[in-house]
Amino acid sequence: MKLFHSINNYLSSKKTIITIGTFDGIHIGHRKILDKIIQSAHEVDCESLVLTFFPHPRMILQEDSTVKLLNTMDEKIGLLKEIGIDNLIIHPFDKEFSQLTAEKFVKNILVDKLQIQKIIIGYDHRFGQNRTADINDLIHFGKKYRFEVEQISAQEIDDIAVSSTKIRNALAEGIISLANEYLGYNYCFSGIVVKGNQLGRTIGFPTANILTKEDYKLIPMKGVYLVKSIIKGDLVYGIMNIGIRPTLNGTNQTIEVHYLDFNEDLYEQQLTIEVLEFIRAEQKFDSLEILKNQIQKDKEKSLTFILK
């Protein structure tokens with residue numbers, strides 16, 4: 001897959017089959033559209049192209065810093081490459097770009113720069129200055145500039161919207177199995193292992209303290225989870241706690257993973273955590289001994305999932 005960080009950098013001699021969107025999650029609904037553009041491109045000897053934007057338009061137009069996304073850009077790039085997209089453009093989204101008129105966007109970008117032969121897009125897609133243009137305008141421009149427009153049905157769009165909403169809601173409620181079902185893969189996030197207070201070692205459960213970099217990445221609800229990581233080429237399961245550690249009167253949220261049957265030093269390593277199952281909600285215990293006993297129960301419960 002060829003990656004471009006601006007529309008202006010795109011260069012190809014072939015016509016393109018295009019789709020446009022944020023595609024957050026690259027979930028099973030999105031994959032229906034992506035499979036369509038890949039198949040269409042193969043049929044007519046064109047290249048498939050996904051045009052997406054960063055930052056998320058809501059972050060710019062609504063100045064919404066609370067937007068939480070299912071994918072970081074690196075994750076999205078990896079997923080689209082895995083699917084088989086030929087070209088990905090991640091264009092910087094700013095207020096100036098948002099003021100581009102619909103026809104200038106179509107003529108100057110889609111036609112002149114991206115060499116569009118066909119666009120596959122949702123019936124409810126809006127574009128151009130103040131998002132005033134719709135699918136009917138796009139069909140009109142298609143006839144004028146000689147490219148094909150294929151609408152994604154209302155049912156398919158509804159499926160995609162429901163999937164995105166359900167994934168976010170499921171993660172917020174700790175329903176990991178449903179989130180993973182809609183994603184079509186295990187929800188994950190990455191971070192650097194940093195030093196904590198090393199309390200876990202004193203009670204027999206050393207943990208890797210994970211510091212995530214992207215603050216826009218959605219983290220599941222507070223609680224205890226079964227997770228897995230690939231560490232030095234090996235699959236390692238673990239128990240993850242997301243929360244403020246109320247037993248220790250903590251106030252800041254932390255992410256800690258106790259890897260099962262693993263004792264190597266992980267400090268400063270970058271790890272990817274795949275979230276597999278929700279074990280229990282975060283709770284406060286009256287003593288460290290009670291906490292230790294509960295972690296042992298969490299470990300035993302996790303093993304029942306692993307052995308399924």
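For the structure itself, look to the data block above.
This structure is a prediction, so every number in the text was calculated from the model and none was measured.

Conventions adopted
Residues numbered from 1 in each chain as written. Predicted model: local features only at pLDDT ≥ 70, side-chain atom pairs only at ≥ 80, totals over all residues. Heavy atoms only, no water. Helix = DSSP H or I, 4+ residues; strand = E, 2+ residues; numbered from the N terminus. Buried < 20%, exposed > 50% of the residue type's maximum accessible area, 1.4 Å probe, protein only. Pairing = 2+ DSSP bridges. Axes fitted to C-alpha atoms, helices over the stretch in contact; angles between N-to-C directions. Contact = heavy atoms within 4.5 Å. Phe/Tyr/Trp six-rings, centres within 6.5 Å; stacked < 30°, edge-to-face > 60°. Lys NZ or Arg CZ within 6 Å of the ring centre and 35° of its normal.

**Describing unusual backbone geometry**
- The residue after Phe54, namely Pro55, is reached through a cis peptide bond having omega 5 degrees.
- Although it is not a glycine, Glu268 adopts a positive phi angle of roughly 75 degrees.
- By the secondary structure assignment, Glu268 is in the loop between strand 11 (254-259) and strand 12 (270-280).
- Residue Glu268 is classed as exposed on the basis of its relative accessible area, which comes to 62%.

**Details of the sheet that holds strand 9 (residues 223-231)**
- As summarised here, the arrangement of the six strands in space is 7-8-11-10-9-12, forming a closed barrel in which the pairing is antiparallel. The sheet shows a mean angle of 45 degrees between the axes of neighbouring strands, taken without regard to direction.
- As paired strands, strand 9 and strand 10 (residues 234-243) are joined by nine bridges and run antiparallel to one another. Within strand 10, the residue paired with Lys228 across the bridge is Tyr237.
- Against the sheet, helix 8 (residues 176-183) engages strand 9 and strand 12, with an angle of about 125 degrees to strand 12.
- Seen against the sheet, helix 10 (residues 288-306) touches strand 9, strand 10 and strand 12 and runs at an angle of roughly 95 degrees to strand 12.

**Here's the deal with the packing of aromatic side chains**
- Throughout the structure, instances matching the rule amount to nine aromatic pairs.
- Taken together, a centroid distance of 6.3 Å and an interplanar angle of 85 degrees make the contact between Phe97 and Phe105 edge-to-face.
- On the basis of an interplanar angle of 70 degrees and a centroid distance of 6.2 Å, the ring pair of Tyr259 and Phe262 is categorised as edge-to-face.
- The class of Tyr259 is buried, set by a relative accessible area of 3%.
- Put simply, the rings of Phe53, Phe93, Phe97, Phe105 and Phe127 pair up and form one aromatic cluster.
- Residue placement shows Lys195 over the ring face of Tyr267; its charged tip is 5.2 Å from the ring centre.

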